[in-house]
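# Analysis of the macromolecular model
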Amino acid sequence: MGFGSVPTIELNDGRKIPQLGFGVFQIPPPETAEAVRQALAAGYRHIDTAAMYRNERAVGEGIRASGVEAGEVWVTSKLNNGSHRPAAARRAFAATLKALRTDHVDLFLIHWPLPTLYDGDFVSTWRTLEEFARDGRARSIGVSNFQPAHLERLAAETQITPAVNQIELHPYFQNREVHAYGRAHGIATEAWSPIAQGDVLGDPVVTAIAGEVGRTAAQVVLRWQVQKGNIIFPKSTTPERIRENHALFDFQLDSGQMTRIDALDRGEAGRRGPNPDTFAPSRLIAAIPPSVKSLIASAKRRPLGVR
Ligand code: NDP
């Protein structure tokens, strides 16, 4: 399929994803169709949504209203945290396809690994996504917020290597270990909150570089992401910003400018979202019956080898 002027990145399954897309996290459903329509009019051909965002239906409406052929738009969605067990994952994926009014998505992700929930089992969830890949309803499959230890487990226990890992990554939190793991294992990195939801745009280093290249701070940070090889999908509901964030392919940062942004990394202190090793949505914890919680606790206390 053709994706207009945006470069593509080849995934480990041979498919090509547009490196720049449009994210719809926190866009209320009534505004989502119009935002998607505007993004497609501006030239985007890749939309990143999730069951959790509750706007998949509106994404489908926006694509249909745009006049762009559905086959020319890369659509990613994600499995919600309450649906990790295989039967629930199958129902959830069917609901995603129904909401989008399509028979397939380009990419389907496990949204969070949730290693402290579901008895630590995200492997059977991944095997269920492998089913979706085999039956063609998910053309590519991947994960989000997976740490190297989680990816190692998938490598040891399952058949398909995730095509992408979608992780928090921006100048203040460069998530270098996870990024390097992906690079070494052929897993493309998708950077979520690529401009840290706007927080990096006032940084003096970023604004100085913006002055040097005659671009906006957002364009500088997004261009840094592109030159790092990351796949990005900035979110905006402001028409000028939607267009601004798409205009990234007619200028470059030099190696000195890249290095100055690299130096903004604050390590773990720069993380804005939850830590994937511990993230467990409270409503899911609340749903675990007390009897099961005490079983998990006593299993953890038992010495190794004692059953
Ligand atoms: P972003 O880093 O894309 O920032 C979005 C914010 O920045 C909005 O407040 C927007 O304001 C503002 N903004 C956008 N463009 C500009 C600009 N040119 N100048 C100034 N301000 C600007 O944050 P997100 O958290 O939305 O991340 C992007 C996407 O990543 C999400 O939409 C989602 O698809 C994905 N994501 C995935 C997660 C996961 O766990 N897998 C977690 C979080 C995000 P306004 O809209 O008012 O213009």
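Scroll up to find the structure this text is about.
Residues numbered from 1 in each chain as written. Predicted model: local features only at pLDDT ≥ 70, side-chain atom pairs only at ≥ 80, totals over all residues.

### Topic: unusual backbone geometry
Not every positive phi belongs to a glycine, and arginine 101 is a case in point at roughly 55 degrees. Inspection of the secondary structure assignment puts arginine 101 in the loop between α3 (86-100) and β6 (105-110). Not every positive phi belongs to a glycine, and asparagine 145 is a case in point at roughly 65 degrees. (Helix = DSSP H or I, 4+ residues; strand = E, 2+ residues; numbered from the N terminus.)

### Focus on the pairing of β6
With six of six residues buried, β6 lies mostly within the body of the structure. Two elements, strand β5 (residues 74-79) and β6, share four bridges in a ladder whose sense is parallel. Within the sheet, the bridge partner assigned to threonine 76 lies in β6 and is leucine 107. Handedness of the crossover is the feature at issue here: the chain leaves β5, passes through α3, returns alongside β6, and the resulting connection is right-handed. In this structure, β6 lies alongside strand β7 (residues 138-144), joined through five bridges in parallel fashion. Paired with valine 105 across the bridge in β7 is alanine 138. What joins β6 to β7 is helix α4 (residues 123-134), and the crossover it makes is right-handed. (Buried ≥ 20, exposed ≤ 12 C-beta atoms within 10 Å, placed from the backbone. Pairing = 2+ DSSP bridges. Right-handed = clockwise from strand over helix to strand, strands pointing away.)

### Details of helix α5 (residues 148-157)
For α5, the set of buried residues is His150, Leu151 and Leu154. Taken around the axis of α5, the buried residues stretch over an arc of 100 degrees, which confines them to a single face. Turned more than 90 degrees off the buried face of α5, the exposed positions are Ala149, Ala156 and Glu157. Where α5 is buried, its residues touch α4, β8 (164-168) and α6 (176-185). (Arc of directions from axis to C-beta. Contact = placed C-beta atoms within 7 Å.)

### Side note on the pairing of β8
Counting buried residues in β8 gives five out of five residues, a clear majority hidden from the surface. Taken together, the two bridges between β7 and β8 define a ladder with parallel strand orientation. The residue bridging serine 144 from the neighbouring strand is glutamine 166, located in β8. In this fold, the crossover linking β8 to strand β9 (residues 188-192) by way of α6 has right-handed handedness.

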